[in-house]
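Letter by letter, the chains look like this.
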Amino acid sequence: MKYVGLQTQIRRNNAMSVLLLLMFPIIILGMIWVFLALLNYFGNGYYNEYGEVVYALDVASVNYYFMTTIPWVVLGVGIWFAIAYFTNVAMIQRATGARPLERRENPRVYNIVENLCMTCGMSMPQIHVVDDSQLNAFASGINDKSYTVTLTTGIINRLNDEELKGVVAHELTHIRNKDTRLLVVSIIFVGIISTVMSLVVRMMYQTMWFGGSVRRSKDERGTGLFILTILFVGVICCAIAYFFTLITRFAISRKREYMADAGGAELCGNPLALANALRKISSDPGLDQVKQEDVAQLFIVHPDQMVSGIMGFMNSLFATHPDTKKRIAILEQF
């Protein structure tokens, strides 16, 4: 693997954060334009003298309504982003069931984190714990005030000091590389798109079952066309949203895990201990509390990695984490 310095990685992640900030509003506005264009195209259908349905797209009308919606869309997305950006720690904490870990509750963990922070000259992050017997950990936050390392009780109790030191070093490297901020930005915008698409599908469903039944007695043919139009537009928009969600997940490159492994091994001074920790974690990484994919991608090992068979193969195609066996093999050659 080609060596990439810490400062180079930080610059790359900062640039990626800016690109994500610019890309997601463009994606949202683009989907709105497509939605309006499809509605306009199918809504302007008429019968010619031969009884054939003719569709036409009034671009000027689409652009007019699009320009009218832009300020509201930008305002809504901006408010959503601001709220999520500054409350991300609380939201992640709620989604994972994490809570603050007090020093008197586990001085061992605090000593490990403090020693590693002093070694690399970084500020001490918050330490949270998830009361779960399974093994996993993650880092989160956007600045020194919100940076957090979260560990499960399982990983604290079942790893020895050297292995736990390797895991904490891995998570601290994510913070130093600004990976956590990059992930928070992506999670917020993917959440916006997912919510918008859910609302569109719900509106489509209600229109089909409630709006359609009222119109059916008046103009059954027109109602059928209207329902098909809404269904088609909804499917297209959902497909676009899903596609860009995948693109975003791949944009948050799997290389960040390799980089964190390398940085963590260097920081703790014991790559084999981190390799052993990953081996233990991969045997039992699942957390019952974690149901959301956007939160699951924060963890050192994906909670659903144990899935096998066809579903396991599909997960590997769209995985945000590299294969744990490959990560272990690289660490053993470090």
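Reading the values: the criteria
- Position numbers for residues count from 1 along each chain, tracking the sequence in the order it is written.
- Per-residue local features of the predicted model are confined to residues with pLDDT of at least 70, and side-chain atom pairs are confined, for both listing and counting, to 80 or more; whole-chain, interface and lining totals are unaffected and use all residues.
- To get the side-chain values, all heavy atoms of the structure are used, and hydrogens and water are removed first.
- Site definitions follow a grid-based scheme: protein atoms alone, a 1 Å grid, a 1.4 Å probe that fits but cannot get out for cavities, and for pockets an open set with protein on both sides within 12 Å along at least five of seven lines, plus lining residues having an atom within 4 Å of a point.
- Grid points are joined across faces, edges and corners, and a volume is the space filled by probe spheres set on the points.
- Helix and strand assignments follow DSSP, with helices taken as H or I runs no shorter than four residues and strands as E runs no shorter than two, numbered in order from the N terminus.
- Charged means Asp, Glu, Lys or Arg here, nonpolar means Ala, Val, Leu, Ile, Met, Phe, Trp, Tyr, Cys or Pro, and polar covers whatever is left, Gly included.
- With a 1.4 Å probe rolled over the protein chains alone, any residue whose accessible area is under 20% of its type maximum counts as buried; one over 50% counts as exposed, and the rest are partly exposed.
- Any two residues having at least one pair of non-hydrogen atoms within 4.5 Å are treated as being in contact.
- A strand pair is defined by DSSP finding two or more bridges across the two strands.
- Each axis is a line fitted through C-alpha atoms, and for a helix only the stretch in contact is used; angles between axes span 0 to 180 degrees, taken between their N-to-C directions.

*Asks:* Outline empty space enclosed by the protein, listing residues and values.
*Replies:* Within this structure, the stated rule accounts for one cavity of 30 Å³ or more. Here the largest cavity is characterised by a volume of approximately 40 Å³. Contributing to the lining of the largest cavity are V89, I92, Q93, T96, A98, H128, F138, S140, T148 and T150. Secondary-structure elements contributing two or more residues to the lining of the largest cavity are α3 (88–96), β5 (137–140) and β6 (148–152). Among the elements that make up the lining of the largest cavity, the one with the highest residue count is α3 (four residues). Looking at the lining of the largest cavity, its residues break down into four nonpolar, six polar and no charged.

*Asks:* If you had to explain the environment of Y41 to someone new, which residues and values would you point to?
*Replies:* Its place among the elements puts Y41 in helix α1 (residues 6–43). Classification of Y41 as partly exposed rests on a relative accessible area of 31%. A sequence separation of 16 residues divides Y41 from L57, and the C-alpha atoms of the two residues are 4.5 Å apart. Apart from residues no more than four positions distant in its own chain, Y41 is found in contact with Y55, A56 and L57.

*Asks:* Give a description of the sheet that holds β5 that names residues and reports values.
*Replies:* Strand pairs in the sheet, formed through backbone hydrogen bonds, run parallel or antiparallel to each other. Here we have four strands laid out as an open sheet, ordered β3-β4-β6-β5, and mixed in their pairing. The open sheet is flanked by β3 (98–100) and β5, the only strands paired with a single partner. The sheet shows a mean angle of 30° between the axes of neighbouring strands, taken without regard to direction.

*Asks:* Can you lay out the pairing of β5 for me, pointing to particular residues and giving the numbers?
*Replies:* Burial of β5 is two-sided: the residues A137 and A139 facing one way and the residues F138 and S140 facing the other way are all buried. As defined by bridge partners, β5 adjoins β6 across four bridges and the pair is classed as antiparallel. Pairing of F138 across the sheet is with T150, part of β6.

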